[in-house]
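Descriptive structure summary
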Number of protein chains: 2
Amino acid sequence: MPAHPAPLLLVRYRLALGDGESGESRALRLACEQTSELSPDLVPASAQPFLGRVLSVESAESGAALATIALPAEAARGDLAQLLVLLYGNASLQPGVRVESIEWPAEVLAQYPGPAFGISGLRELAGVRGRRALLCGAAKPLGLSSSQLADRVEALARGGADLIKDDHGISNPPSSPFAERVARCQEAVHRANQATGGSSLYVPNLAGPAAGWAGRIERLREVGCRAALVAPLALGLESVREIAASSSLALLAHPALAGSFFAADRPSQGIAPEILLGDLFRLAGCDAVIYPHQGGRFPFPAARSAALSEHLRGPLGHLRPAFPVPAGGIASERVPALLQELGPDTIFLIGSALYGEPDLERATAQVAAVLREKPR
Amino acid sequence: MPAHPAPLLLVRYRLALGDGESGESRALRLACEQTSELSPDLVPASAQPFLGRVLSVESAESGAALATIALPAEAARGDLAQLLVLLYGNASLQPGVRVESIEWPAEVLAQYPGPAFGISGLRELAGVRGRRALLCGAAKPLGLSSSQLADRVEALARGGADLIKDDHGISNPPSSPFAERVARCQEAVHRANQATGGSSLYVPNLAGPAAGWAGRIERLREVGCRAALVAPLALGLESVREIAASSSLALLAHPALAGSFFAADRPSQGIAPEILLGDLFRLAGCDAVIYPHQGGRFPFPAARSAALSEHLRGPLGHLRPAFPVPAGGIASERVPALLQELGPDTIFLIGSALYGEPDLERATAQVAAVLREKPR
């Protein structure tokens with residue numbers, strides 16, 4: 001049998017087993033499904049090297065197995081959309097398959113530039129000296145006019161938010177059209193920065209019809225924006241990779257739709273959050289990744305949060321580390337404890353909590369002060 | 001309170017209820033999550049029109065409710081990626097939310113051209129006269145050379161397959177690089193058509209890095225391809241819409257990754273298949289949509305299959321109807337019964353089953369004959 005084509009992705013899957021099915025046979029079925037879509041006896045010898053190969057199978061909790069399958073990475077060379085298909089495309093349509101971890105060969109990582117800014121580059125863009133955690137506020141809600149949103153952006157910037165993002169639901173509504181809004185909000189941040197001597201960074205939502213991406217990126221350049229919010233699972237990982245590679249914008253990734261892949265109530269299905277929001281978003285070039293931290297409006301297990309931070313910040317070939325951005329209903333008073341838990345290479349996204357306070361600027365300043373304190 | 005901005009999307013959600021939570025309060029929480037991301041009392045009067053509004057709530061099975069929520073469609077004007085975010089972006093991160101149905105206002109449908117070919121246009125491209133069902137074969141497996149794949153394409157075409165698609169896992173592997181493969185396979189189909197007087201249509205897989213889409217579409221034009229396979233959830237719905245609008249290619253959609261949104265074992269979560277693969281893929285301009293029909297390798301409830309066919313072929317504003325393409329391990333001998341069940345506006349995708357036979361051309365011809373028979 002011809003040798004496997006290098007490089008190989010070693011993917012660890014958790015597999016729910018059907019009645020009387022062995023882990024080995026389930027793993028083989030998956031290995032075929034994700035590559036040849038033919039049973040192995042129908043795969044001609046010359047195509048055998050591209051057939052997924054089961055390297056090991058262990059039993060896991062009752063009725064499940066953990067299998068490591070070698071997949072031919074060249075089937076998706078330099079293409080994150082195709083890589084997602086290789087990992088989980090048809091598998092998604094079968095119950096009880098979950099991608100738990102991936103060993104990334106150096107040759108595969110070398111195909112992806114990764115974050116153009118990363119943690120240190122994004123700190124620099126936001127004018128943050130020293131290794132402290134950052135505060136991100138949100139311009140909201142949908143339905144306000146561009147100037148109303150700009151007022152809020154200005155208050156957040158004056159209060160000391162390092163980044164201020166659009167809500168991911170605010171794209172190009174009639175109340176605050178994209179071209180107008182990004183100009184107003186960028187001016188507002190600039191005004192605040194002039195007044196405070198700060199360098200808050202406005203992060204507009206780069207959504208909108210595909211045909212207009214180039215124009216909208218040009219508009220962001222025109223008005224002086226240096227960063228953008230993107231929703232990789234809505235836009236497509238490849239589109240985001242392309243934007244990261246060509247726009248010179250730092251990218252803050254939103255996890256919209258991600259729950260489809262890793263519902264907390266279905267640990268036997270999907271793609272582990274640290275792989276999807278961690279490895280894959282980082283390969284797509286996201287400099288910071290928003291995720292729902294536990295204790296807010298979204299269930300997200302603490303262990304997964306720790307793993308995600310590790311996957312975003314830890315070694316991954318030549319790729320720059322990316323910021324984890326805990327979010328999803330974090331109350332301001334939790335920030336000190338979360339800072340202890342997550343450390344300084346973190347961006348805290350405090351959205352709605354600041355709007356519950358009577359004075360947006362002051363509420364922001366109070367949280368910002370916590371992050372600027374010298375460590376005791 | 002200012003009037004809601006027209007048009008409104010009326011979305012019916014199935015909501016799992018927490019302990020002691022009422023359907024009304026859960027629905028209101030969701031309506032806020034998907035629009036303002038603020039509790040209603042924090043939404044300024046001028047933004048209230050864009051706040052999702054709960055129109056009705058009924059109790060469903062125990063512990064669940066069915067709620068109809070009005071969402072401001074203008075928040076996602078002409079942008080399918082943003083529309084997906086509006087429908088289910090953050091909701092995906094909360095357990096027990098499922099999009100069950102959508103009432104599409106005419107103004108929203110008017111923003112999307114839909115399938116450029118549709119059922120009658122695709123029949124015409126494939127030279128099919130009369131209202132009969134079509135047969136689609138698959139060039140596989142991954143790992144064969146371009147000329148080996150072309151041989152298989154030729155056999156399928158000689159056997160009378162109306163369409164022959166690449167496997168969705170075959171994009172640009174070293175064994176059959178895109179530019180070479182599409183030329184070889186297109187030549188093979190042409191040769192077969194010359195010999196048989198038929199007009200089989202080769203449908204190459206249009207994947208690959210985002211930066212190269214324009215070049216690959218140009219390559220398809222060069223070699224004479226008129227159709228392409230796309231995986232909308234991997235590429236992004238907006239990218240596919242853009243390809244449909246600008247490429248002049250008929251699009252066959254693959255459901256890779258779709259199971260993340262509607263696992264058969266989790267009916268309380270996600271987006272109903274007939275909405276995702278039906279309404280949304282059709283809005284993206286897909287002329288035919290592959291789905292896993294029950295009885296093959298993937299579980300897919302019969303009722304959902306019927307609903308999906310209805311959503312692809314039934315009235316949807318001005319949009320042309322699209323073909324349902326049952327697939328996923330359909331055995332040749334099931335075709336007569338499936339034809340009875342699904343009717344002539346169907347494309348049967350018979351992939352691996354034909355490769356289990358000793359003679360690919362003859363096996364194809366046997367199935368093709370069933371579809372070409374005059375109705376008895």
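Residues numbered from 1 in each chain as written. Chains lettered and ligands numbered in written order. Predicted model: local features only at pLDDT ≥ 70, side-chain atom pairs only at ≥ 80, totals over all residues.

**Quick look at the overall build of chain A**
Along chain A, the regular secondary structure elements total 15 helices and 13 strands. For 376 residues, the compact-globule estimate of 2.2 N^0.38 gives 21 Å, and chain A sits close to it at 22 Å. Its C-alpha atoms put chain A at 70 × 40 × 35 Å along the principal axes. For chain A, buried positions account for 59% of its 376 residues. (Helix = DSSP H or I, 4+ residues; strand = E, 2+ residues; numbered from the N terminus. Rg over C-alpha atoms; globule rule 2.2 N^0.38 Å. Buried ≥ 20, exposed ≤ 12 C-beta atoms within 10 Å, placed from the backbone.)

**Topic: the packing of helix H5 (residues 146–159) of chain B against helix H15 (residues 360–372) of chain B**
All names here are of chain B. One way to put it is that H5 packs onto H15 with a least axis distance of 7 Å and a crossing angle of 35°. The two elements H5 and H15 meet at a crossing, and its hand is right-handed. In contact with Arg152, Ala155, Leu156, Arg158 and Gly159 of H5, H15 contributes Leu360, Glu361, Arg362, Thr364, Ala365 and Ala368. In the contact of H5 with H15, the residues fall into five nonpolar, two polar and four charged. (Axes fitted to C-alpha atoms, helices over the stretch in contact; angles between N-to-C directions. Left-handed = near helix turned anticlockwise from the far one by under 90°. Contact = placed C-beta atoms within 7 Å. Nonpolar A, V, L, I, M, F, W, Y, C, P; charged D, E, K, R; others polar.)

**Quick look at the packing of helix H13 (residues 335–342) of chain B against H15 of chain B**
All names here are of chain B. Orientation of H13 relative to H15, taken along the N-to-C sense of each, is 30°, at an axis distance of 10 Å. H13 and H15 meet at a crossing whose hand is right-handed. On the side of H13, the interface is formed by Val335, Pro336 and Leu339, while H15 contributes Val367, Val370 and Leu371. Looking at the contact of H13 with H15, its residues break down into six nonpolar, no polar and no charged.

**Considering the domain arrangement of chain A**
It is common to give the size of an interface as the accessible area lost on bringing the parts into contact. Residues and elements named next belong to chain A. Each domain of chain A was delimited in the assignment, giving domain 1 (8–109) and domain 2 (118–372). Computed over C-alpha atoms only, the centres of domain 1 and domain 2 are separated by 33 Å. With 19 residues of domain 1 at the contact, the number on the domain 2 side is 18 residues. The element that contributes the greatest number of residues to the side of domain 1 that touches domain 2 is strand E4 (residues 97–103), accounting for six residues. Classifying every residue of the side of domain 1 that touches domain 2 gives 13 nonpolar, two polar and four charged. (Domains from an automatic or database assignment.)

**With respect to the relation of the copies chain B and chain A**
Once turned by 180° and shifted 0.0 Å along the axis, chain B lies on chain A with an RMSD of 0.0 Å. Classification of the inter-copy transformation places it as that of a two-fold axis. Identified as the residue of chain B closest to the rotation axis by C-alpha distance is glycine 236 of chain B, at 2.2 Å. Of all interface residues in chain B, 99% are interface residues in chain A too; the two copies therefore contact each other through one and the same surface. (Least-squares fit on C-alpha atoms with pLDDT ≥ 70 in both.)

**Observations regarding the interface of chain B and chain A**
Opposite the 80 residues of chain B that make contact, chain A presents 79 residues. Breaking the side of chain B that touches chain A down by element, the ones donating at least two residues are helix H2 (80–88), helix H8 (232–235), helix H9 (237–246), helix H10 (259–262) and helix H14 (352–355) of chain B. Partitioning the side of chain B that touches chain A into residue classes produces 41 nonpolar, 28 polar and eleven charged.

**A short note on the sheet that holds strand E2 (residues 53–59) of chain A**
All names here are of chain A. Spatially, five strands are ordered E2-E3-E1-E4-E10 in an open sheet, and the strand pairing comes out mixed. Unpaired on one side and paired on the other, E2 and strand E10 (270–271) mark the two borders of the sheet. Across six bridges, E2 lies against strand E3 (residues 64–72) in antiparallel orientation. Bridge pairing links glutamate 58 to leucine 66 in E3. Seen against the sheet, helix H1 (residues 23–33) touches strand E1 (8–16), E2, E3 and E4 and runs at an angle of roughly 145° to E2. (Pairing = 2+ DSSP bridges.)

**Examining the environment of leucine 277 of chain A**
Mapped onto the elements of the fold, leucine 277 of chain A is located in helix H11 (residues 273–283). Those residues within four positions of leucine 277 of chain A in sequence are excluded, and the remaining contacts are Pro255, Ala258, Val289, Tyr291 and Leu308 of chain A.

**Some words on the confidence of the model for chain A**
When pLDDT is averaged across chain A, the result is 95; 98% of the residues are at 70 or more. Across the assembled chains, the prediction reports ipTM 0.96 with pTM 0.97. (pLDDT = per-residue confidence, 0-100.)

**What to know about the sheet that holds strand E5 (residues 134–139) of chain A**
Residue and element names in this part refer to chain A. A sheet is described by the order of its strands in space; here four strands give the open sequence E7-E6-E5-E13, paired in parallel fashion. Each of the sheet's edge strands pairs with one partner strand only, and the pair in question is strand E7 (201–203) and strand E13 (347–349). Shown here is a sheet whose adjacent strand axes are inclined to one another by a mean of 25°, direction ignored. Strand contacts of helix H5 (residues 146–159): E5, strand E6 (163–166) and E7, with the helix running at about 165° to E5, the strand carrying the most contacts.

**A few points about helix H7 (residues 213–223) of chain B**
All names here are of chain B. Buried residues of H7: Trp213, Arg216 and Leu220, and no others. One face of H7 carries all of its buried residues, which in axial projection span an arc of 65°. Across H7 from its buried face, at more than 90 degrees, point the exposed residues Ala214, Gly215, Glu218 and Glu222. Contact partners of the buried residues in H7: helix H6 (178–196) and strand E8 (227–230). (Arc of directions from axis to C-beta.)

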